[in-house]
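Reading the structure
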Amino acid sequence: MNMLQTVFWSMGSSRHVLAGRLDCSKSKANALAAGLIEQGLLEETGLQPSSGGRRPETLQLARGLGVVIGVDLGATSLDVAVMRPDLGVLAHHGEEADVRAGPGVVLARVRDLMRELLARCGLSPKNVIGVGIGVPGPVDFASAQLVNPPLMPEWDSFSIRDYLGEAFSAPVFVDNDVNLMALGELWRLQRSLQNFMVIKVGTGIGCGIVCHGEVYRGANGSAGDVGHICVDQSGPRCHCGNFGCVEAMAAAPAITRVATEAAQAGESQALADLLRANGRLTAMDVGQASRNGDAAANAIIQRAGSLIGQMLASVVNFFNPSHVFIGGGVTQIGPLFLASVRQSVYHRSLALSTRHLEIQYTPLGPQAGLVGAGALAMQESLRLHGSRA
């Protein structure tokens, strides 16, 4: 890893710390830093606390490098942000979206928002050094194309890179949205955890895998597609064509379907009242009813958490991660969901796999995907720069 990459992944460090991370002498680190400062690629941003001698200067990527744009596209939402090289957000916009509208409609909106946010910052497309985009489906990382995405069939083999490349000369990098959540957490942790997973539970269910400090994508980009692991062979048909996938039984649409059935059957007055008032139910409605003590809502959440835990137990036994971070919209449903996932995982996994396992919500919360998109843009842009240097 070169000096620029090391500074980025360290969120700013002293020359002494960088020498240790690069496994080189202090004099060589000083010389490398001096050269990069002279080129306008690094800058000194203030003094760090003293550890006994002269206070060291903090080195960070130079703001003059430009900006990156991160895009987090979910099944029902999109977020766009303009970020500094240190991933500080300069401008951000989020709104509801429907990926089923197709790439033309959705990406036209993304492109317009990118331009609007740049203009808000007093910048133009030429100031952009990289664009990172997360999408809710399997991605061939080399070609930046989705491959048979179950939630967004019209996007199959569509070139997001070429579409946005017409408006931006900066390189465009595309990855699965949960991979980018994992990358965002990896950047936040400064690679201090080497083997962990991020699970996203929303309209679908996916998993980002970090193995030996790198996001693991598999041979063709489909690693972590855990939503289509079967948890009940007699379960409902999934949109992938199979029966009993955990996504079909425990993601947000499944939770709302079961809750609607309970309301219509008179099994829950609270859910029936919410259905009558709003015309439909959401996973958040189920969470609200649960927090108010509704037994049927509690049972629905416990069942979803238990099924996800059943799937996770197999993955935990196979991969043996140190941490499982859970994100996505369903995490807002309440603490009973996380408790049910944990109980199921610990009950079904091998003792050695769970001896030091931590299961918690993603520390970055709903920003994980956006941070990861920015990290992807910055990491890959620096790699391109390093290959040309």
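Residues numbered from 1 in each chain as written. Predicted model: local features only at pLDDT ≥ 70, side-chain atom pairs only at ≥ 80, totals over all residues. Heavy atoms only, no water.

Under the definition given, this model contains 13 salt bridges. In this structure, Asp98 and Arg100 form a salt bridge, with 3.1 Å as the shortest nitrogen-oxygen distance. A relative accessible area of 33% means that Asp98 is categorised as partly exposed. Between Arg191 and Glu214 there is a salt bridge, with the nearest N and O atoms lying 3.3 Å from each other. Of this pair, Arg191 sits in the loop between α6 (177-188) and β10 (196-201) while Glu214 sits in strand β12 (residues 214-216), and the two are 23 residues apart along the sequence. Take Glu214: its relative accessible area is 35%, and that puts it in the partly exposed class. Via salt bridges that share partners, Arg191, Glu214, Glu380 and Arg383 belong to a single interconnected network. (Salt bridge = Lys/Arg side-chain N within 4 Å of Asp/Glu carboxyl O. Buried < 20%, exposed > 50% of the residue type's maximum accessible area, 1.4 Å probe, protein only. Helix = DSSP H or I, 4+ residues; strand = E, 2+ residues; numbered from the N terminus.)

Our next topic: helix α12 (residues 335-348). Think of an α-helix as 3.6 residues a turn; residues three or four steps apart then line up on the same face. The terminal C-alpha atoms of α12 lie 20 Å apart, and with 14 residues this matches the ideal 20 Å at 1.5 Å per residue to within 8%. Burial in α12 covers these residues: Phe337, Leu338, Ser340, Val341, Ser344 and Val345. For α12, the angular spread of buried residues about the axis comes to 160°, placing them on one side. Facing away from the buried side of α12 by over 90 degrees, the exposed positions are Pro335, Gln343 and His347. The secondary structure elements touched by the buried residues of α12 are β10, α11 (295-319), β13 (323-327), α13 (351-354) and β14 (358-361). (Expected span 1.5 Å × (residues − 1). Arc of directions from axis to C-beta. Contact = heavy atoms within 4.5 Å.)

Let us now look at the state of the cysteines. Throughout this description, disulfide means a covalent bond between two cysteine sulfur atoms. Applying the stated criterion across every chain yields a total of zero disulfides. Here Cys240 is not cross-linked by a disulfide; its sulfur's nearest cysteine counterpart is in Cys245, at 3.7 Å. (Disulfide = S-S within 2.5 Å.)

Right, let's talk about the sheet that holds strand β6 (residues 128-135) for a bit. Two modes of strand pairing occur in sheets, parallel and antiparallel, and in both the strands are linked by backbone hydrogen bonds. Pairing is mixed in the open sheet, where five strands are placed in the order β5-β4-β3-β6-β9. The open sheet has two edge strands, β5 (89-96) and β9 (172-176), and neither has a second partner. Pairwise comparison of adjacent strand axes, ignoring direction, gives a mean angle of 15° for this sheet. With six bridges connecting them, strand β3 (residues 67-73) and strand β4 (residues 77-83) associate as antiparallel partners. (Pairing = 2+ DSSP bridges. Axes fitted to C-alpha atoms, helices over the stretch in contact; angles between N-to-C directions.)

With that out of the way, let us pick up helix α10 (residues 283-291). Buried within α10 are the following residues: Ala283, Asp285, Val286, Gly287, Ala289 and Ser290. Buried residues belonging to α10 abut α8 (252-264), α9 (269-278), α11 and α12.

Such coordinate-based values are descriptive only and should not be taken to indicate function.
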